[in-house]
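Read off the chains here:
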Amino acid sequence: MSRTRISARELIGRVFDADSFVSWDTAPVDVAPDAKYRAELDAAATKSGVDESVVTGTALLGGRRVAVIACEFSFLAGSIGVAAAERIVTAIERATAEGLPLLASPTSGGTRMQEGTVAFVQMVKIAAAVAAHKSAHLPYLVYLRDPTTGGVFASWGSLGHVTIAEPGALVGFLGPRVYQALYGEKFPEGVQTSENLYSRGVIDGVASVEQLRDLVDQALHVVSDPADDTVPIPDHCDPHDIPDVPAWQSVMASRRADRPGVRELVRHAASTRVPLSGTGQGEVDSTVLLSLTRFAGQPCVLFGQDRAGQSPLNTMGPAALREARRGMRMAAELRLPLVLVIDTLGAALSKEAEERGLAPEIARCISDLVTLRTPTVSVLLGQGTGGGALALLPADRVLAAQNGWLAPLPPEGASAIVHRDTTHAPQMAAAQGIRSLDLLRDGVVDAVIPERPDAALEPVEFSKRVGAAIAHELVALRDLSDDDRMAARLGRYRTLGLPQGR
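The structure reproduced in this document is the subject of the present report. Here the structure is a predicted model, which means the values were calculated and not measured.

## With respect to the overall build of the protein chain
(1) Moving on: The number of helices and strands found in the protein chain is 20 helices and 14 strands.
(2) Moving on: Taken against the 2.2 N^0.38 rule, which gives 23 Å for 502 residues, the C-alpha radius of gyration of the protein chain at 25 Å falls within 12% of a compact globule.
(3) Moving on: Evaluated residue by residue, the protein chain yields a buried proportion of 54% over its 502 residues.
(4) Moving on: Restricting the contact set of the protein chain to residue pairs at least 6 apart, pairs at least 24 apart contribute 75%.
(5) Moving on: The positive charge centre, built from 49 side chains, and the negative charge centre, built from 59, are 2 Å apart in the protein chain.

Shown next as C-alpha cells:
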C-alpha cells in the first residue's frame, strides 16, 4: 500500500507560523557530475521543485525563531551527497552562530550512491556539526519522516535531545531492499517501524505532523524560554515539628499501593511536561520516567523512579540507570537543572542485571551526578533502597517527603544479615537512622516536605507541595555560580558523617 509522503515545504508550512519561513539556501555546491548523474539531478529538480534533497532556513514557532532542516524525499529519495551535506552543515553552523534551536526532519534512503564513498563520509561532518551545536548548549530536535534509513539515521537522525517519528514510518539502519538483495529474504515485518522503535526505547515518541507543532512548542518552552520570576513559597517542616514516629511506620506508609509517585507529581504539579522514552540503545524500562518539565514555571530535566512500574520481580536495572545518565547529559548540554525523584524497591537482583553491568552503572551514575555542573535537586519521595536510590542521591539540594526513607537494604534485608531473620526489620529500621527526621539530623537531606498525615490520603495536595518545594530550590540554585555550587556539593559529601568542626 502506497502512502503520501509529506514534502519539506509542506512540513514547514504545517509546523511553523504562517508565512514565517525564510530560506537560507544558496546554489548547491558543484560536484562535477558526469552526464548521466547530471541528467538525474535535473530530473529530480523538475520532479521535486527543489534544487537539492534538503531545504534549510529559519521560521517562527509561537513567535520563537527556530532553524529548520528538512529533507525532500522526491529529490533522489532524499539521499545525501556532498552538496546536500554542505547545505546541512552550513545551516547547522549558522543556527549555532545565531544561538537558535534547531529542528531537523530527515526522510532519506541514506547515502547518495552516485557519489560513492565521499558522500558516505559526509555523515561524519554532519554529526560533528550537530555535536558542536549541542556543545553550545542549544536544543537539537529531530522529527523522522517516512522513510529514514542508512547513514542518515545512523548520524544526524539519531542525535536529537528529543527524537520523534511520523506514525507508521519506516525507520531503520539497513534498508529492506538492501537486506533482501544481500540475504535473499525479506527483513522481518514490524521491526523497522516508528512504533516498534518507540516501544523499544530507541526513539522518544510517535506523533503526526499536526501533533508535532504542539510538541516542539512545549519542548522549546522548557529548554529555551526563560524561567518565571514568581515562585511559590515552599511548605517545609520545621525540624521541631516533624513527628517523632517509628521508622517502621514510614516504611509501611511508603509501601502503600495508593501512595502518589512521580507520575502523580508530574500530573498535578508540573506546568509543562514533555515525556521522553528510552536510552536510544534499544532499551526501555517501565520503572523510570524521563521528561522535560516545568515546576511553577522553573524548567528542568526530570528523571524519576516510577513506583507504579516496579514489583519485587521488576526493579531498577542497568537500562534504567543508563536512562538516568541520558538525563544527566541532556541537562548538561541544555544547561538545565536536573531533578531526580527517588522511589525504589532497590536495584535489580538478577543474572541479567549482573551480566549487563548493574554495579558499574550505579558507580557511573554516582560519579556523573556528583560532578555534574548543572544545578541538581534530589527528592526522596518514598522508598529509598540500596544502590538504586544512592545512584540518584548526590545533589546540590536533597529533599525528603516526611515518610520517605533511605537505607542500604530494605529493613528486612538488614534484619536477615544481622539477626538471621526478617522479624527484626522494625528494630533495624530504627537503628539505622533511615527516616526523614534522622536524615535531616545527619545532613543527608536539607528539608522535609510534610505529609498530612499521609501522602496517600492527599495525593494532589502532597504532589503540589513537592512541586513547589522543587521550584523553590531551583530558583535558589540559579543564583549560585557553577564553581560555588560544585564546591559546596563536593564539600558536603566530603564531610558527611564526620564530627562537626573537623
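Now that the structure has been shown, we can carry on.
## Some points on the nonpolar core
(1) Moving on: Residues Phe16 and Leu292 are the most contacted members of the largest nonpolar core, which totals 74 residues.
(2) Moving on: Leucine 292 has contacts with Val162, Ala219, Val222, Val223, Thr272, Arg273, Val274, Leu276, Cys300, Val301, Met330 and Leu336, leaving out every residue within four places of it along the chain.
(3) Moving on: If you look at the next biggest cluster of nonpolar residues, it comprises 31 residues, including Ala67, Ile69, Leu144 and Ile203.

## Considering the packing of helix 3 (residues 82–97) against helix 5 (residues 122–135)
(1) Moving on: The geometry of helix 3 relative to helix 5 is characterised by a closest axis approach of 9 Å and an angle of 10 degrees between their N-to-C directions. Taken together, the axis directions place helix 3 and helix 5 in an arrangement best described as roughly parallel. Packed against helix 3, whose contacting residues are Val82, Ala85, Glu86, Ile88, Val89, Ile92, Ala95 and Thr96, the element helix 5 presents Gln122, Lys125, Ile126, Ala129, Val130, Ala132 and His133 at the interface.
(2) Moving on: Looking at the contact of helix 3 with helix 5, its residues break down into 10 nonpolar, three polar and two charged.

## Some words on the sheet that holds strand 12 (residues 376–384)
(1) Moving on: Strand order across the open sheet formed by seven strands is 8-9-10-11-12-13-14, with mixed pairing between neighbours. Only two strands of the sheet have a single neighbouring strand rather than two, namely strand 8 (270–276) and strand 14 (447–449). Taken over all neighbouring pairs, the strand axes of this sheet differ in orientation by 25 degrees on average, direction set aside.
(2) Moving on: Looking at chain direction, strand 9 (residues 288–295) and strand 10 (residues 298–305) are connected through eight bridges and run antiparallel. What sits directly across from arginine 294, in strand 10, is proline 299.

## Considering the sheet that holds strand 1 (residues 22–23)
(1) Moving on: One open sheet holds the seven strands; their spatial order is 1-2-3-4-5-6-7, and the pairing between them is mixed. Of all strands in the sheet, those with a lone pairing partner are strand 1 and strand 7 (205–206), marking the two edges.
(2) Moving on: As paired strands, strand 5 (residues 140–144) and strand 6 (residues 162–165) are joined by four bridges and run parallel to one another. The residue bridging valine 142 from the neighbouring strand is threonine 163, located in strand 6.
(3) Moving on: Taken strand by strand, helix 9 (residues 209–223) contacts strand 2 (54–61), strand 3 (64–71), strand 4 (102–105), strand 5, strand 6 and strand 7, and its axis lies near 165 degrees from that of strand 5.

## With respect to the packing of helix 12 (residues 318–334) against helix 14 (residues 358–370)
(1) Moving on: One can describe the packing of helix 12 onto helix 14 by two numbers: an axis separation of 9 Å at closest approach and a directional angle of 20 degrees. What the angle tells us is that helix 12 and helix 14 run roughly parallel. The hand of the helix 12/helix 14 crossing is left-handed. Where helix 12 approaches helix 14, its residues Pro318, Leu321, Arg322, Ala324, Arg325 and Met328 are matched on the opposing element by Leu358, Glu361, Ile362, Arg364, Cys365, Asp368 and Leu369.
(2) Moving on: Within the contact of helix 12 with helix 14, the residues separate by chemical class into eight nonpolar, no polar and five charged.

## Digging into the side chain of glutamine 402
(1) Moving on: Tracing the backbone shows glutamine 402 in the loop between strand 13 (397–401) and helix 16 (411–419).
(2) Moving on: By relative accessible area, glutamine 402 is classed as buried at 12%.
(3) Moving on: A distance of 3.3 Å separates a polar side-chain atom of glutamine 402 from the backbone nitrogen of glutamate 451.
(4) Moving on: In contact with glutamine 402, other than residues within four places in its own chain, are Cys237, Pro243, Ser250, Ser436, Val448, Ile449, Pro450, Glu451 and Pro453.

## Some words on the pairing of strand 13
(1) Moving on: With four of five residues buried, strand 13 lies mostly within the body of the structure.
(2) Moving on: Sheet analysis places strand 13 next to strand 14, joined by three bridges and oriented parallel. Of the residues in strand 14, the one forming a bridge with alanine 401 is isoleucine 449.

## Describing the state of the cysteines
(1) Moving on: A complete count under the given rule lists zero disulfides for this structure.
(2) Moving on: For cysteine 300, which is in no disulfide, the shortest distance to another cysteine sulfur is to cysteine 365 and amounts to 17 Å.

## Comments concerning a nonpolar patch on the surface
(1) Moving on: The grouping of Phe120, Val121 and Val124 at the surface amounts to a nonpolar patch, some 310 Å² of accessible area in total.
(2) Moving on: With respect to the element layout, valine 121 can be found in the loop between helix 4 (116–120) and helix 5.
(3) Moving on: Given a relative accessible area of 46%, valine 121 falls into the partly exposed group.

## Some points on the packing of aromatic side chains
Geometrically, a pair of aromatic rings is defined through the distance of the ring centres and the angle of the planes.
(1) Moving on: A complete count under the given rule lists zero aromatic pairs for this structure.
(2) Moving on: Over the ring of phenylalanine 73 we find arginine 5; its NZ or CZ atom is 4.3 Å from the centre of that ring.

## Observations concerning unusual backbone geometry
(1) Moving on: With an omega of -15 degrees, the peptide bond between aspartate 146 and proline 147 qualifies as cis.
(2) Moving on: Relative to the helices and strands, proline 147 is located in the loop between strand 5 and helix 6 (150–153).
(3) Moving on: Of note, the bond from arginine 452 into proline 453 is cis; its omega dihedral lies within 30 degrees of zero at -15 degrees.
(4) Moving on: Inspection of the secondary structure assignment puts proline 453 in the loop between strand 14 and helix 19 (459–478).
(5) Moving on: Although it is not a glycine, aspartate 19 adopts a positive phi angle of roughly 55 degrees.

How each quantity is defined
Numbers given for residues are sequential positions, taken from 1 along each chain in its written order. This being a predicted model, a pLDDT of at least 70 is required before a residue's local features are given, and a value of 80 or more before pairs of side-chain atoms are given or counted; all residues contribute to the totals for chains, interfaces and linings. Note that the side-chain values use all heavy atoms of the structure and ignore hydrogens as well as water. Working definition: helices are DSSP H or I runs of at least four residues, strands are E runs of at least two. Numbering for both runs from the N terminus. Between the two quantities, the radius of gyration covers C-alpha atoms and the globule rule is 2.2 Å times the number of residues to the power 0.38. Any residue under 20% of the maximum accessible area for its type is buried, any over 50% is exposed, and the rest in between are partly exposed; the area is computed with a 1.4 Å probe on protein chains only. Only heavy atoms enter the contact rule, under which two residues are in contact if any of them lie within 4.5 Å. Counting rule applied: Lys, Arg positive; Asp, Glu negative; His and chain ends not counted. Charged groups are reduced to one reference atom each: NZ for lysine, CZ for arginine, CG for aspartic acid, CD for glutamic acid. Buried residues of nine kinds, namely Ala, Val, Leu, Ile, Met, Phe, Trp, Tyr and Cys, make up a nonpolar core once their side-chain atoms join them within 4.5 Å. Whenever a helix is involved, its axis is fitted only over the stretch in contact; in every case the axis is a line through C-alpha atoms, and angles between N-to-C directions fall within 0 to 180 degrees. Geometric relationships in this document are graded by angle, where less than 35 degrees denotes roughly parallel, more than 145 denotes roughly antiparallel, 65 to 115 denotes roughly perpendicular, and other angles denote oblique. Asp, Glu, Lys and Arg are counted as charged, while Ala, Val, Leu, Ile, Met, Phe, Trp, Tyr, Cys and Pro are counted as nonpolar; the rest, among them Gly, fall into the polar class. Two strands qualify as a pair provided DSSP detects at least 2 bridges between them. If you view the pair so one helix is near and one far, a crossing is left-handed when the near helix is turned anticlockwise from the far one by less than a right angle, and right-handed when it is turned clockwise. Each polar contact in these results corresponds to two N or O atoms within 3.5 Å; when the atoms are within protein, one needs to be able to donate a hydrogen and the other to accept it, and residues that are neighboring in sequence are counted only if both atoms are side-chain atoms. The disulfide criterion used throughout: a pair of cysteine sulfur atoms within 2.5 Å. Residues qualify for a patch when their relative accessible area is over 30% and they have no salt bridge, like charges being joined within 9 Å and the nonpolar side chains of Val, Leu, Ile, Met, Phe, Trp and Tyr within 5 Å. In short, Shrake-Rupley with a 1.4 Å probe defines the accessible areas, and a residue's cover is counted only from the protein chains shown. Counted as salt bridges are all cases of a side-chain nitrogen of Lys or Arg within 4 Å of a carboxyl oxygen of Asp or Glu. Pairing of aromatic rings covers Phe, Tyr and the six-membered ring of Trp, with a centre-to-centre limit of 6.5 Å; geometry is then stacked below 30 degrees between planes, edge-to-face above 60, and tilted otherwise. When the NZ atom of lysine or the CZ atom of arginine is within 6 Å of a ring's centre and also within 35 degrees of its normal, the charge is said to sit over that ring.

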